[in-house]
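Observations on the model geometry
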Amino acid sequence: MPDLMLLRHAKSDWRAGYGTDRDRPLNRRGVRSARAIGEFVARYRLMPELVLASPAVRTLTTAQLAAEAGGWNSPIEVVPQLYGADRGDVLQMVREVTGAERLMVVGHEPTMSGVLEYLTGHRIRVTTATLAYMRSGHASWSDLAYGTARLELLIRPRLLLD
């Protein structure tokens, strides 16, 4: 059964000098949170086989810091369509994945909450740097549909940081 992880980007720095919204970096808390989530994933051996990440600086940095802190060897694929994607776009991307049984999607709100709600049937707000880990009841990603995943864990970085 495929496992899907959704990770919302960590806290960004609204005060930093940046050009467009895509260029907004993480703040210090965001950097710490991304690393803490990466270490958690490694500690519990939940490393993804593939990471799909939005090209936004805050999102891609979250994925990179998490992988680095956790020592993952997972390829991180930048998917331009994830920036500004809606729930349906993300679900279609996931359904098209082949060759990975454990997938992580690193993206934005309200999309991450929308995907989580659709797949589990539960309305849960995905705050910054929150990791949602789901197990699918199907043999392939292409079979994902409403309510077909079970939420195994939801980790917010505040639970991991002092």
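Data block above holds the structure.
The structure reproduced in this document is the subject of the present report.

What to know about the overall build of the protein chain
Along its length, the protein chain carries 4 helices and 6 strands. Overall, the protein chain shows an N-to-C arrangement of helices and strands of β-α-β-α-β-α-β-α-β-β. Computed over C-alpha atoms, the radius of gyration of the protein chain comes to 14 Å, within 12% of the 15 Å expected from 2.2 N^0.38 for 162 residues, which places it in the range of a compact globule. For the protein chain, the spread of C-alpha atoms along the three principal axes comes to 45 × 30 × 30 Å. Residues classed as buried in the protein chain amount to 49% of the 162 residues present. For the protein chain, the proportion of contacts with a sequence separation of at least 24, taken over those separated by at least 6, is 74%. Within the protein chain, one finds 21 positive and 17 negative side-chain charges whose respective centroids are separated by 9 Å.

What about the pairing of strand E5 (residues 131-136)?
Burial runs high along E5: 5 of the 6 residues are buried. Here 5 bridges tie strand E1 (residues 3-8) to E5, and the two strands are oriented antiparallel to one another. The residue bridging Leu4 from the neighbouring strand is Met134, located in E5. Pairing geometry for E5 and strand E6 (residues 149-155), over 6 bridges, is antiparallel. Each residue of the ladder has a partner; that of Tyr133, found in E6, is Leu153.

Description of the nonpolar core
Leu4, Leu6, Leu103, Val105 and Leu119 are the most contacted members of the largest nonpolar core, which totals 27 residues. Elements supplying a minimum of two residues to this core: E1, strand E2 (50-53), helix H3 (87-95), strand E4 (102-107), helix H4 (111-120) and E5. Considering each element in turn, this core owes the most residues, 5 residues, to H4. Not counting residues up to four positions away in its chain, the partners in contact with Leu103 are Asp3, Leu4, Met5, Pro48, Leu50, Leu52, Val94, Val97 and Trp141. One finds Val41, Ala66, Leu131 and Ile155 within the second-largest nonpolar core, a separate group that totals 18 residues.

About the thresholds
Residues numbered from 1 in each chain as written. Predicted model: local features only at pLDDT ≥ 70, side-chain atom pairs only at ≥ 80, totals over all residues. Heavy atoms only, no water. Helix = DSSP H or I, 4+ residues; strand = E, 2+ residues; numbered from the N terminus. Rg over C-alpha atoms; globule rule 2.2 N^0.38 Å. Buried < 20%, exposed > 50% of the residue type's maximum accessible area, 1.4 Å probe, protein only. Contact = heavy atoms within 4.5 Å. Lys, Arg positive; Asp, Glu negative; His and termini not counted. Charge placed at Lys NZ, Arg CZ, Asp CG, Glu CD. Pairing = 2+ DSSP bridges. Core = buried A, V, L, I, M, F, W, Y, C linked by side-chain atoms within 4.5 Å.

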